[in-house]
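Descriptive structure summary
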There are 2 protein chains.
Amino acid sequence: MPSAHITFDQTGDKIAGRIRKMRPSAVRSLFAAAVRPDIISLSGGMPDVSLLPEESIRDATRAAIEDERAVALQYGGTDGRLETRQVVCGLMRDLGVRCKPDEVMLTTGAQSALDLIAKTFIDPGDIVLAEGPTYLGALQAFSAYEPDVRCIPFDDEGMRMDLLEAELERIGKGNPRLKFCYVIPNFQNPGGVTMVPERRKRLLELSHEYGFMVVEDDPYGRLRYDGGHMIPLKALDARVVYLGTISKIFAPGLRTGWIVAPKDVLARINLAKQGTDLCGSSFDQIVVEHYFTDTPWERTLQRFLSVYRERRDAMLGALDEFFPPEARWTHPEGGLFVWVTLPDYVDTGSMLGAALDAGVTYVPGDSFYPDGVTGRNCMRINFSYETPENIVEAVRRLAKVIEERLELYRVFIAAGAIKAPEEAEASENATACANSDGSAPVDQSR
Amino acid sequence: MPSAHITFDQTGDKIAGRIRKMRPSAVRSLFAAAVRPDIISLSGGMPDVSLLPEESIRDATRAAIEDERAVALQYGGTDGRLETRQVVCGLMRDLGVRCKPDEVMLTTGAQSALDLIAKTFIDPGDIVLAEGPTYLGALQAFSAYEPDVRCIPFDDEGMRMDLLEAELERIGKGNPRLKFCYVIPNFQNPGGVTMVPERRKRLLELSHEYGFMVVEDDPYGRLRYDGGHMIPLKALDARVVYLGTISKIFAPGLRTGWIVAPKDVLARINLAKQGTDLCGSSFDQIVVEHYFTDTPWERTLQRFLSVYRERRDAMLGALDEFFPPEARWTHPEGGLFVWVTLPDYVDTGSMLGAALDAGVTYVPGDSFYPDGVTGRNCMRINFSYETPENIVEAVRRLAKVIEERLELYRVFIAAGAIKAPEEAEASENATACANSDGSAPVDQSR
Ligand SMILES: Cc1ncc(COP(=O)(O)O)c(C=O)c1O
Ligand SMILES: Cc1ncc(COP(=O)(O)O)c(C=O)c1O
């Protein structure tokens, strides 16, 4: 190159503000480094696809390979294949939601639905309400559009409506910056908690009163191990934007999710989607269509449920048996995750190295908050992927790592260097899981 | 709802600025309305997937359904499956580009690569250079991030380097707002023209001199019907960000494209991708891997080439035979499209209704410019999808529609209401295909 040429670090110089602010996740790097075969992972959110019958996969893929090959291999419409959207309408009907195919858009997993909704609605600085903690992938999707995410704590009955109202008071009625409230009402990720019917009703009332949209993300609604089905927000209010996915009831590898929304909303999202991916995989959409029409998928789902129920029970049993008295955790009736809260002085991020050494992984709690600070004393542990035996062993290992930390702190406490947990509980909790208003946190343990 | 509640049009009120600016395409609506079976479409950009052998599809899908089922159905890595990235490295090697799997990221079609690159690099107001006209989908992808797209006209040797330099002079060296130049060097969409080697070299020199990235989009490089292969920009400069796709050499329904870029660039794009879709379809990536390893894909590509060559020849022949002397058009050596330029006083957008009535579709030229105005007297016509007989018939119909328009204008011209084309040519062309500097347009006809 002639020396007159400007030299520059193209990456550093050219990166957009939205990406410059994103930090590569330390956790991801740690996990990438940990490839020992004896490590038991409680950190993922993967379904156990080995439970899917061979025969079902063959039957589901047949049409894409034989009769409808030409369609399967060609570009499809931006909204997705009509027949697959019809199948989605059937799945929604089971949950109590009536919708027509033109109120359904297929997306590359619910993840891309989150991106499209953020792209369609969020201008930089706009306010988005969400549970805190909430789904890490939603925070990542939203953050590209630079919103001000306000987290509302939950308790065992879901998002706290009193705290939501207090936040809305501060925001004000009809505030044009307030765009939507993102909720995962069933077996929340990472919390495992479910929003009770009265709060669902109240959330919808507040949405009309204050003028915000409700985005209901429901990947886990069908993964219920005890108790009865709860009516989706979407069934109570036609304006709700509902997100579904096959990832936890069939196969995430086929990357098929959907948005159910009023037609005028979908028309706007369609504009965003054209530039994002033109259309989804026709092949995968045909496979999904046929999985839910040509195979005994409900029997397969029952199999998922009984396996996951057993694993959840193994995890809750092991937590009771091995975890120290200072720890609290949620008792999910479904889904894939338990949320554990440790004393405030434990930092689960810095503890992860020791856990890896002990042969177990989890996700540190601060990953699930937009500030990357709150939730440091918490962790998410998954029970869908490992065998009950492995889960028990993993919890045992984890308990030992935590116990060692607590020992260390007990020494400090004895020496008067930090406050004892009993004294600290009220105030320290408040900072650890605090909302922006410093409101008191919530006992997530039952 | 209690009457105290605020009523509002959620869609209208809540939409982000980037989407508010996008208009639903009038063309799309027109096409949606046109469902008559006798219409011959020259408007699409679809490969003819009926040319793919049944046996190849069966062989390519076998692994995903049998041996690697568990992987095919599960979440994959954000960058895509290693084995498929290795296959991409092989495909790139054929084109003269050496790369390693960790310099490759798989995307949901090249379309999503365009979105991810825009998301990673464009802040509102940043400058992006592109050919004018350029790929509509790229303009849609970029527009969500609100850049200032500057179009550089091309001639039969590709983007005009003199006009690019003039634009760069105005922008200035090392201007931090200048992010990248987006080019489709081979059989450009919609132009059909190919950038000659000297201009490729010059573009790279300018990129170093002025400090911008080069994004090379190459879906058509392998669809060459005459002449010899041209070395990709990526082979000449390792910093180039290269986009590839299987859409035109295999099957767009499997939505698999890729980015080849330096590792530091991919690391940033990876951050954007996590929030956009978590990962691509593992199933589709396995099918793609096996298509390019277990099937005689090069023989199948030869079949595509000979069929498309025949169709291109049919189109160019029919244009010569039927089109009026006032029309000019490009003579592509590959790809899928011919770009037609009519006299300035013809508006191909308003002519589309008459064309639909006559049973033929095309894409009006203004779709390919960010201002939605330039290119009004142009159109893109496709030759990959219809039979030679249909193509000839479609061009005949289209010629008649154009002829009627010209007749009308000839009457106006005779009456002195508008200038005769011969007088107007120089000045009117300049406005019709003008760059932002009003530079003279280019004869795209050979
Ligand atoms: C709450 C929530 N929403 C969305 C997703 C994304 O799912 P998909 O695989 O459909 O993209 C997940 C995945 O874990 C999730 O937990
Ligand atoms: C120039 C160009 N880039 C990218 C694309 C998108 O291709 P894909 O199907 O891989 O998303 C196209 C499709 O027509 C194209 O013409």
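Residues numbered from 1 in each chain as written. Chains lettered and ligands numbered in written order. Predicted model: local features only at pLDDT ≥ 70, side-chain atom pairs only at ≥ 80, totals over all residues. Heavy atoms only, no water.

**Some words on the domain arrangement of chain A**
All names here are of chain A. Rules: Domains are outlined according to an automatic or database domain assignment. Two parts placed together each lose some accessible area under a 1.4 Å probe, and the buried area is that loss summed for both. We define a salt bridge as a side-chain nitrogen of Lys or Arg found within 4 Å of a carboxyl oxygen belonging to Asp or Glu. Here a polar contact is recorded for every N or O atom pair within 3.5 Å, except that within protein the pair must consist of a potential hydrogen donor and a potential acceptor, and residues adjacent in sequence are included only if both atoms are side-chain atoms. Only runs of H or I of at least four residues qualify as helices and only runs of E of at least two qualify as strands under DSSP, and these elements are numbered from the N terminus. Here the term charged refers only to Asp, Glu, Lys and Arg, the term nonpolar to Ala, Val, Leu, Ile, Met, Phe, Trp, Tyr, Cys and Pro, and the term polar to all other amino acids, Gly among them.
Once the domains are mapped, chain A shows domain 1 (14-51 + 299-414) and domain 2 (55-294). Summarising the inter-unit geometry, the C-alpha centres of domain 1 and domain 2 are found 25 Å apart. Summing both sides of the interface, domain 1 and domain 2 together bury roughly 2600 Å²; the carbon and sulfur share of this comes to 61%. The largest per-residue losses of area from domain 1 upon contact with domain 2 belong to Glu333, Phe368 and Pro370, which jointly make up 21% of the total buried on that side. In this structure, Lys21 and Glu146 form a salt bridge, with 2.2 Å as the shortest nitrogen-oxygen distance. At the boundary of domain 1 with domain 2, the tally comes to 14 residue pairs in polar contact (both at pLDDT 80 or more). Elements supplying a minimum of two residues to the side of domain 1 that touches domain 2: helix 14 (297-322) and strand 12 (337-341). Residue contributions to the side of domain 1 that touches domain 2 peak at seven residues, all from helix 14. Of the residues that constitute the side of domain 1 that touches domain 2, the class distribution is 16 nonpolar, six polar and six charged.

**Focus on the sheet that holds strand 2 (residues 104-107) of chain A**
Note: strands within a sheet are paired through backbone hydrogen bonds, in either parallel or antiparallel orientation. All names here are of chain A. Formally: Strands are labelled as partners when DSSP assigns at least two bridges between them. To get an axis, fit a line to the C-alpha atoms, keeping to the stretch in contact for a helix; angles then go from 0 to 180 degrees between the N-to-C directions. Between two residues, a contact is recorded if the distance between any of their heavy atoms is within 4.5 Å.
With mixed pairing, the seven strands of this open sheet are ordered in space as 2-10-9-8-7-3-4. The sheet is open, and its two borders are formed by strand 2 and strand 4 (148-152), each paired with just one other strand. Pairwise comparison of adjacent strand axes, ignoring direction, gives a mean angle of 20 degrees for this sheet. Its contacts with the sheet place helix 10 (residues 197-210) against strand 7 (178-183) and strand 8 (213-217), and it is angled at close to 145 degrees to strand 8.

**Remarks on the site of ligand 2**
Under the convention used in this document: Being near a molecule or strand, for a residue, comes down to having at least one heavy atom within 4 Å of it. The protein chains shown are the only cover counted for residues, whose accessible areas, like all others here, come from Shrake-Rupley with a 1.4 Å probe.
Around ligand 2 lies a shell of 16 residues, among which Tyr75 of chain A together with Asp217, Tyr220, Thr245 and Ser247 of chain B are the nearest. Nearby residues around ligand 2 are contributed by chains A and B. Between ligand 2 and the protein, one listed contact pairs an oxygen atom with a side-chain N or O atom of Lys248 of chain B at 2.9 Å. A total of 400 Å² of accessible area belongs to ligand 2 in isolation, and the protein chains cover 97% of it. Residues of the shell around ligand 2, tallied by class, amount to eight nonpolar, five polar and three charged.

**What to know about the site of ligand 1**
Asp217, Tyr220, Thr245 and Ser247 of chain A together with Tyr75 of chain B are the nearest of the 16 residues found near ligand 1. Of the chains in the model, those with residues near ligand 1 are chains A and B. The separation between an oxygen atom of ligand 1 and a polar side-chain atom of Tyr220 of chain A is 2.5 Å. In this structure, Thr245 of chain A approaches ligand 1 through a side-chain N or O atom, which is 2.5 Å from an oxygen atom. When residues in the shell around ligand 1 are grouped by element, the largest group, three residues, is from helix 7 (residues 109-121) of chain A. The class makeup of the residues in the shell around ligand 1 is eight nonpolar, five polar and three charged.

**Concerning the relation of the copies chain B and chain A**
Cut-off, in case you're wondering: The atoms used to superpose the copies are C-alpha atoms, taken from residues with pLDDT of at least 70 in both, and the fit is least squares.
Laying chain B over chain A is done by rotating through 180 degrees and shifting 0.0 Å along the axis; what remains is an RMSD of 0.0 Å. Each copy turns onto its partner about a two-fold axis.

**Focus on the sheet that holds strand 11 (residues 328-329) of chain B**
All names here are of chain B. One open sheet holds the four strands; their spatial order is 11-12-15-14, and the pairing between them is antiparallel. Of all strands in the sheet, those bounded by a partner on one side alone are strand 11 and strand 14 (363-364). As judged from the two bridges shared by strand 14 and strand 15 (residues 378-382), these two strands associate in the antiparallel manner. In the sheet register, Pro364 faces strand 15, and the bridge partner there is Met379.

**So, the UniProt feature "domain: Aminotransferase class I/classII large" (unreviewed entry) in chain A**
Note the following rule: UniProt positions are given in the numbering used here, feature names are shortened, and annotations may be inferred rather than shown by experiment.
UniProt feature "domain: Aminotransferase class I/classII large" (unreviewed entry): in the numbering of this structure it lies at residues 56-398 of chain A. In residues 56-398 of chain A, the share of helix is 45% and the share of strand is 16%. The end C-alpha atoms are 37 Å apart.

**Details of the interface of chain B and chain A**
Each partner contributes residues to the interface: chain B has 90 residues there, and chain A has 90 residues. In total, chain B and chain A occlude about 7600 Å² of area from one another, counting both sides; carbon and sulfur atoms represent 57% of this. Linking chain B with chain A are six salt bridges, by the criterion used here. With its nearest N and O atoms 3.8 Å apart, the salt bridge here joins Glu54 of chain A to Arg69 of chain B. Where chain B touches chain A, the interface holds 38 residue pairs in polar contact (both at pLDDT 80 or more). In terms of residues, the side of chain B that touches chain A owes the most to one element, helix 12 (residues 263-277) of chain B, which gives ten residues.

**Some thoughts on the packing of aromatic side chains**
Residues and elements named next belong to chain A. To keep it simple, the criterion reads: By convention, a stacked pair of Phe, Tyr or Trp rings (six-membered ring in the case of Trp) has centres within 6.5 Å and planes under 30 degrees apart, an edge-to-face pair has planes over 60 apart, and any other such pair is tilted. Burial status follows relative accessibility: with a 1.4 Å probe on protein chains alone, a residue under 20% of its type maximum counts as buried, one over 50% as exposed, and anything between as partly exposed.
Under the defined criterion, the tally for this structure stands at 27 aromatic pairs over all chains. When the centroid spacing of 5.5 Å and the interplanar angle of 75 degrees are considered together, the rings of Phe142 and Phe180 count as edge-to-face. Highlighted residues: Phe142 in helix 8 (residues 136-143) and Phe180 in strand 7, separated in sequence by 38 residues. The class of Phe142 is buried, set by a relative accessible area of 3%.

**Focus on the confidence of the model for chain A**
All names here are of chain A. Here is the rule we go by: Per-residue confidence from the predictor is reported as pLDDT, a score between 0 and 100.
Mean pLDDT over chain A works out to 90, with 89% of the residues at or above the 70 mark. Here residues 1-8 is a poorly scored stretch, pLDDT under 50, and it has 13 contacts once near neighbours within four places are set aside; other chains count. The low-confidence segment residues 423-446 (pLDDT under 50) makes 58 contacts with residues lying over four places distant or belonging to another chain. Reported confidences for the modelled complex are a pTM of 0.92 and an ipTM of 0.91.

**Thoughts on the environment of Ile184 of chain B**
Residues and elements named next belong to chain B. Tracing the sequence through the fold places Ile184 in the loop between strand 7 (178-183) and helix 10 (197-210). Distance from Ile184 to Gly221, taken between C-alpha atoms, is 9.3 Å for residues 37 residues apart in sequence. In this structure, Ile184 is in contact with Glu131, Thr134, Tyr135, Asn189 and Asp217, ignoring residues within four places of it in sequence.

**Points about the pattern of salt bridges**
Pairing between side chains of opposite charge can happen when their charged atoms approach one another. Under the counting rule described, the total for this entry stands at 72 salt bridges over all chains. Note that Lys179 of chain B is salt-bridged to Asp126 of chain B, the shortest N-O span being 2.6 Å. Here Asp126 of chain B lies in the loop between helix 7 (109-121) and strand 3 (127-131) and Lys179 of chain B lies in strand 7, a separation of 53 residues in the sequence. Of the two residues examined, Lys179 of chain B and Asp126 of chain B, each falls in the buried class. Between Glu205 of chain B and Arg202 of chain B there is a salt bridge; the shortest N-O distance is 2.7 Å. Of the two residues, Glu205 of chain B and Arg202 of chain B both sit in helix 10, three residues apart, roughly one turn of that helix. Its relative accessible area of 31% is what places Glu205 of chain B among the partly exposed residues. Through salt bridges with shared partners, one network takes in Glu54, Glu55 and Arg58 of chain A together with Glu66 and Arg69 of chain B.

**What about the packing of helix 4 (residues 54-65) of chain A against helix 13 (residues 282-294) of chain A?**
Residue and element names in this part refer to chain A. Here is the rule: Angle categories: roughly parallel below 35 degrees, roughly antiparallel above 145, roughly perpendicular from 65 to 115, and oblique for all the rest. What makes a crossing left-handed is the near helix being turned counterclockwise from the far one by less than a right angle; a clockwise turn instead makes it right-handed.
At a minimum axis distance of 8 Å, the contact between helix 4 and helix 13 shows a crossing angle of 130 degrees. Taken together, the axes of helix 4 and helix 13 are oblique relative to one another. Handedness of the helix 4/helix 13 crossing: right-handed. Taking contact as the criterion, the partners of Ser56, Asp59, Ala60, Thr61, Ala63, Ala64 and Ile65 in helix 4 are, on helix 13, Phe283, Ile286, Val287, His290, Tyr291 and Asp294.

**Considerations on the packing of helix 4 of chain A against helix 4 (residues 54-65) of chain B**
Across the interface, helix 4 of chain A lies against helix 4 of chain B with an axial gap of 11 Å and an inter-helix angle of 160 degrees. When the axis of helix 4 of chain A is compared with that of helix 4 of chain B, the two are roughly antiparallel. Helix-helix and strand crossings are classified by hand; for helix 4 of chain A and helix 4 of chain B the assignment is right-handed. Contacts between helix 4 of chain A and helix 4 of chain B pair Ile57, Arg58, Thr61 and Ile65 of chain A from the former with Ile57, Arg58, Thr61 and Ile65 of chain B from the latter. Of the residues assigned to the contact of helix 4 of chain A with helix 4 of chain B, the class counts are four nonpolar, two polar and two charged.

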